[in-house]
Amino acid sequence: MAEQKSLILEPGKVIRPIIDHDGVRLLAERLYGISVLELEELNGYDDKNYKIIEDPNVKNPLITNHSPHGYVLKIMNSVDSQNLDVVEAQNEIMNFLGTRSVCCPKPVRNVFGHLYSSERVGDSQHVVRLLEYVPGVLLKDAPHSDQLWYQLGEFAANLVNKLEHFNHSGVVSRQHIWMLSNVPQLEKFKYVIKDSERLDLVEEVIEEFKYAVIPQMEELEKGVIHGDINEMNVLVGLKEGSKSDYRVTGILDFGDIQHSCVVFELAVAMTYAMLVSGERAGGVVLAGWSVTRRLPDHEYRLLKTLISARLVQSLILGAYTREQDPDNKYVSSTEKANGWELLKKIRKSKPDPDNDCTNWKAIANDFLTRS
């Protein structure tokens, strides 16, 4: 267990790869034989991600099935790059889901026939992978409707169901600072919250998680989960023949896969839905989930704490990463989406069925009745 501990982010560590566009082009050419025609940096938290369109005039005998929409070159952060078992699990989970009608990226073999390699980038070692680019509209950029949030809940539950048959040692042994089970580890990072009122809120949530969730974790249903179903990792597309009716079509970014409590998957999906569309969206996500998977009462009662904990996790680690990497705008997304206001609202809500923004079960039942 001591070895796993060292693979969790520690304060003060700069783990994001430092590389320029010329360096990315050289990696793509040396590892995959790709001559880059267009290069665009995509969002990334601790990793670096680049969309690549290859030059069609330069023949590449190394890739026989060319991806029509281009590729994503992923350079993983230095901490996750140490855990090659997890890297292999991520590749396998994408291939596993791809054969089970789940639209997600597909890893591409490099010139050595491998699905990844460890490369010196800047002053540290980083895992480099190439994935086929999956086209689509990100959930954050589509018009949001109850129907779409319902589908997100349904999609998340179906994903858990499909992953019941996935097994890999890299997922089982995984430890990561973004896992909800590691919320107590946020104690080490809370110094980045300078506002005393916000710090009180953070400490309240971490303490509540310790006494309300940790002792119950052994009793909660376990499984392999994606771990980060949010508006930037979900793809949507227009329903055939419609100009405004969007449907969930696929899932991206398997960087947070883990074997953990299944209810964590639901809590994370609800958190980000509410950040985008308000508290009601959480109840509609719950409706979609409940139609596909049963949610026991003792797990439902933990949702308020779990959602609060995910908000705190995102706000603290966002502030910490911004302090380390001031140019990274992506890490502020929860704060910009009124994460603090949502957290305050959830924490202050009263256990009054008629005036409680966290009565997600009532919202779910209302939605299902009207539908």
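Residues numbered from 1 in each chain as written. Predicted model: local features only at pLDDT ≥ 70, side-chain atom pairs only at ≥ 80, totals over all residues. Heavy atoms only, no water.

1. Section: the packing of helix α7 (residues 262-277) against helix α10 (residues 303-324)
The geometry of α7 relative to α10 is characterised by a closest axis approach of 9 Å and an angle of 65° between their N-to-C directions. Seen along the crossing, α7 lies across α10 with a hand that is right-handed. Here V263, F264, L266, A267, V268, M270, T271, Y272, M274 and L275 of α7 come into contact with α10, specifically with L303, L306, I307, R310, L311 and S314. Considered class by class, the residues forming the contact of α7 with α10 number 13 nonpolar, two polar and one charged. (Axes fitted to C-alpha atoms, helices over the stretch in contact; angles between N-to-C directions. Helix = DSSP H or I, 4+ residues; strand = E, 2+ residues; numbered from the N terminus. Left-handed = near helix turned anticlockwise from the far one by under 90°. Contact = heavy atoms within 4.5 Å. Nonpolar A, V, L, I, M, F, W, Y, C, P; charged D, E, K, R; others polar.)

2. A few points about helix α4 (residues 146-163)
Given 3.6 residues per turn, any residue in an α-helix points the same way as the ones three and four places further on. Its 18 residues place the ends of α4 26 Å apart at the C-alpha level, agreeing with the 26 Å of an ideal helix rising 1.5 Å per residue. When we look at burial in α4, the residues that qualify are L148, W149, Y150, Q151, L152, G153, F155, A156, A157, L159, V160 and L163. (Expected span 1.5 Å × (residues − 1). Buried < 20%, exposed > 50% of the residue type's maximum accessible area, 1.4 Å probe, protein only.)

3. As for helix α6 (residues 196-212)
Its 17 residues place the ends of α6 24 Å apart at the C-alpha level, agreeing with the 24 Å of an ideal helix rising 1.5 Å per residue. Taken as a whole, α6 has its buried residues at L201, V202, V205, I206, E208, F209 and A212. Looking straight down α6, one finds its buried side chains confined to an arc of 160°; they lie on one side. Exposed side chains of α6 directed beyond 90 degrees from the buried face belong to S196, D200 and Y211. (Arc of directions from axis to C-beta.)

4. Regarding the packing of aromatic side chains
For the coordinates displayed, the defined rule picks out three aromatic pairs. Arranged with centres 5.3 Å apart and planes meeting at 35°, the rings of Y150 and F367 form a pair that is tilted. Within this pair, whereas Y150 is found in helix α4, its partner F367 is found in helix α13 (residues 360-370), the two being separated by 217 residues in sequence. Given the relative accessible area of 12%, Y150 is considered buried. Under the relative-accessibility criterion, F367 is labelled buried at 6%. Arranged with centres 4.9 Å apart and planes meeting at 75°, the rings of F189 and Y320 form a pair that is edge-to-face. Highlighted residues: F189 in the loop between α5 (169-172) and α6 and Y320 in helix α10, separated in sequence by 131 residues. The same class applies to F189 as to Y320, namely buried. (Phe/Tyr/Trp six-rings, centres within 6.5 Å; stacked < 30°, edge-to-face > 60°.)

5. Observations concerning empty space enclosed by the protein
In this structure the tally under the stated criterion is three cavities of 30 Å³ or more. Approximately 40 Å³ is the volume found for the second largest cavity. The wall of the second largest cavity is formed by E221, V262, V263, W289, R293, R294, L295, P296 and E299. Taken together, the residues of the lining of the second largest cavity break down into five nonpolar, no polar and four charged. (1 Å grid on protein atoms, 1.4 Å probe; cavity = no way out; pocket = protein on both sides within 12 Å on 5 of 7 lines; lining within 4 Å. Points joined across faces, edges and corners; volume = space filled by probe spheres on them.)

6. A word on the sheet that holds strand β7 (residues 137-138)
The strand order β7-β9-β10 describes an open sheet built from three strands, whose pairing is antiparallel. For this open sheet the edge positions go to β7 and β10 (246-251), each flanked by a neighbour on one side alone. As paired strands, β7 and strand β9 (residues 234-238) are joined by two bridges and run antiparallel to one another. By the bridge assignment for β9, L138 is matched with L235. Sheet strands touched by α4: β9 and β10. Its angle to β10, the strand with the most contacts, is close to 30°. (Pairing = 2+ DSSP bridges.)

7. A word on the pairing of strand β2 (residues 48-54)
Counting buried residues in β2 gives six out of seven residues, a clear majority hidden from the surface. For strand β1 (residues 36-42) and β2, the ladder comprises six bridges, and the chain directions are antiparallel. Along β2, the bridge assignment pairs V36 with E54. Counting the residues that bridge the hairpin from β1 to β2 gives five residues. Here five bridges tie β2 to strand β3 (residues 71-75), and the two strands are oriented antiparallel to one another. Note that in β3 the partner of K51 across the bridge is V72.

8. Overview of the confidence of the model for the chain
Across the chain, the average pLDDT comes to 90, with 92% of residues at 70 or higher. Below pLDDT 50 for its whole length, residues 1-6 participates in seven contacts with residues either more than four positions away or in separate chains. (pLDDT = per-residue confidence, 0-100.)

9. Considerations on the side chain of Q258
Relative to the elements of secondary structure, Q258 occurs in strand β11 (residues 258-261). Look past the residues within four positions of Q258 in its chain and what remains in contact with it is V171, M179, G223, V224, I225 and G227.

10. Here's the deal with the pattern of salt bridges
As enumerated under the stated definition, the model contains 19 salt bridges in all. The closest approach of N and O atoms between R30 and E119, which form a salt bridge, is 2.8 Å. Placement of the pair is R30 in helix α2 (residues 21-32) and E119 in strand β5 (residues 117-121), with a sequence separation of 89 residues. The exposure class assigned to R30 is partly exposed, which follows from its relative accessible area of 48%. Of the charged contacts in the structure, one is a salt bridge between K345 and E279, with a shortest N-O distance of 3.6 Å. (Salt bridge = Lys/Arg side-chain N within 4 Å of Asp/Glu carboxyl O.)

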